[in-house]
Amino acid sequence: MAYLPREERRAAIIEATVRVMLADGLEGVSARSVATAVEGSPGLIHQHFASVPELIASAWKKFVADSLAEYDQAVVADGEDPIREFFGNHVDPERAAEVGLWVSAWAYALRSPEFGPVYAETLGRLTAALRRADPEVSELAAERTVLLGVALAGMQRIAPEQYGAAHLEDLITG
């Protein structure tokens, strides 16, 4: 890897980690897999992050921030329906990796005491984004929508033939 200032190198490592996560889930993240993606060494990763869970948390926060920025753009600038846009990834086959990443993060949060609070905080950020997009949506309704979205993402992975795009479309539109 070419020389980069410390903060740029750290950002490059986080970007590489997001790519690994999208390809292989959080369970696929290791110092070695990220080092390969960033064209560096595992030692380079450990110079910037005290642990792999810290690296995963940083990459997850980046992924969520980017996803929320995209969501905000769609509902504010493009005028999309906030709830429909929220579930849009569930029915878009090209976004399957992103939906799968939420499932992977849920599973990782169950196993990792360090990551659990990070995941819960990002669910709170999703809830807040839904509320910002449509102030008439109550806190409880927004939280319910977020949790149902995570559950539907999981069911798409567990039983894709039962929870395919057509059935999800029916569930979303009622």
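Residues numbered from 1 in each chain as written. Predicted model: local features only at pLDDT ≥ 70, side-chain atom pairs only at ≥ 80, totals over all residues. Heavy atoms only, no water.

**Notes on the environment of phenylalanine 115**
Then, in step 1: Looking at where phenylalanine 115 falls in the secondary structure, it is placed in the loop between helix H6 (96–111) and helix H7 (116–133).
Then, in step 2: Taking C-alpha positions, phenylalanine 115 is 28 Å from valine 137, a pair spaced 22 residues apart along the chain.
Then, in step 3: Sequence-distant contacts of phenylalanine 115, defined by excluding residues within four places in its chain, comprise Leu26, Ile56, Ala57, Trp60, Ala105, Tyr108 and Ala109. (Helix = DSSP H or I, 4+ residues; strand = E, 2+ residues; numbered from the N terminus. Contact = heavy atoms within 4.5 Å.)

**Description of the environment of serine 30**
Then, in step 1: Take serine 30: it is sitting in the loop between helix H1 (6–24) and helix H2 (31–38).
Then, in step 2: Along the primary structure serine 30 and leucine 55 are separated by 25 residues, whereas in three dimensions their C-alpha atoms are 9.1 Å apart.

**Focus on unusual backbone geometry**
Then, in step 1: Of note, the phi angle at glutamate 39 is positive, near 60 degrees, even though the residue is not glycine.
Then, in step 2: Topologically, glutamate 39 is positioned in the loop between H2 and helix H3 (42–48).

**As for helix H5 (residues 82–91)**
Side chains three or four residues apart in an α-helix point the same way, a direct result of the helix having 3.6 residues per turn.
Then, in step 1: Among all positions in H5, only Pro82, Phe86, Phe87 and His90 are buried. One side of H5 holds all its buried residues, which, seen down the axis, span an arc of 120 degrees.
Then, in step 2: For H5, the secondary structure elements touched by its buried residues are helix H4 (52–77), H6, H7, helix H8 (139–158) and helix H9 (165–173). (Buried < 20%, exposed > 50% of the residue type's maximum accessible area, 1.4 Å probe, protein only. Arc of directions from axis to C-beta.)

**Comments concerning the confidence of the model for the chain**
Then, in step 1: In the predicted model, the chain carries a mean pLDDT of 91, and the fraction of residues at 70 or more is 99%.
Then, in step 2: Averaged pLDDT values over the elements of the chain bottom out at 82 in H9 and peak at 96 in H2. (pLDDT = per-residue confidence, 0-100.)

**Quick look at the side chain of serine 104**
Then, in step 1: Note that serine 104 resides in helix H6.
Then, in step 2: There is a polar contact of 2.7 Å between the side chain of serine 104 and the backbone nitrogen of leucine 26.
Then, in step 3: A distance of 2.8 Å separates the side chain of serine 104 from the side chain of glutamate 27, its partner in a polar contact.
Then, in step 4: Setting aside its immediate chain neighbours within four residues, serine 104 contacts Gly25, Leu26, Glu27 and Arg157. (Polar contact = N/O pair within 3.5 Å; in protein donor to acceptor, adjacent residues only side chain to side chain.)

**With respect to the packing of H5 against H9**
Then, in step 1: Running from amino to carboxyl end, H5 crosses H9 at an angle of 165 degrees, the nearest separation of the two axes being 9 Å. Here H5 lies roughly antiparallel to H9, going by the angle between them. Of the two elements, H5 crosses H9, and the hand of that crossing is right-handed. Residues Arg84, Phe87, His90 and Val91 of H5 pack against Ala165, Leu168, Glu169, Ile172 and Thr173 of H9.
Then, in step 2: A breakdown of the residues in the contact of H5 with H9 according to their chemical character gives five nonpolar, two polar and two charged. (Axes fitted to C-alpha atoms, helices over the stretch in contact; angles between N-to-C directions. Parallel < 35°, antiparallel > 145°, perpendicular 65-115°, else oblique. Left-handed = near helix turned anticlockwise from the far one by under 90°. Nonpolar A, V, L, I, M, F, W, Y, C, P; charged D, E, K, R; others polar.)

**Observations concerning the nonpolar core**
Then, in step 1: Core analysis: the largest hydrophobic core is formed by 48 residues, its most contacted members being Trp60, Phe115 and Tyr119.
Then, in step 2: In terms of residues, this core owes the most to one element, H4, which gives ten residues. (Core = buried A, V, L, I, M, F, W, Y, C linked by side-chain atoms within 4.5 Å.)

**Overview of the packing of aromatic side chains**
Then, in step 1: Scanning the model with the defined rule gives ten aromatic pairs in all.
Then, in step 2: Centre to centre, the rings of tryptophan 106 and tyrosine 119 are 5.9 Å apart; their planes meet at 85 degrees, and the pair counts as edge-to-face. With tryptophan 106 in helix H6 and tyrosine 119 in helix H7, the pair connects residues that are 13 residues apart, well separated along the chain.
Then, in step 3: The class for tryptophan 106 is partly exposed, based on a relative accessible area of 38%.
Then, in step 4: Site record: aromatic cluster; members linked through ring pairs are Trp60, Phe63, Trp102, Trp106, Tyr108, Phe115 and Tyr119. (Phe/Tyr/Trp six-rings, centres within 6.5 Å; stacked < 30°, edge-to-face > 60°.)

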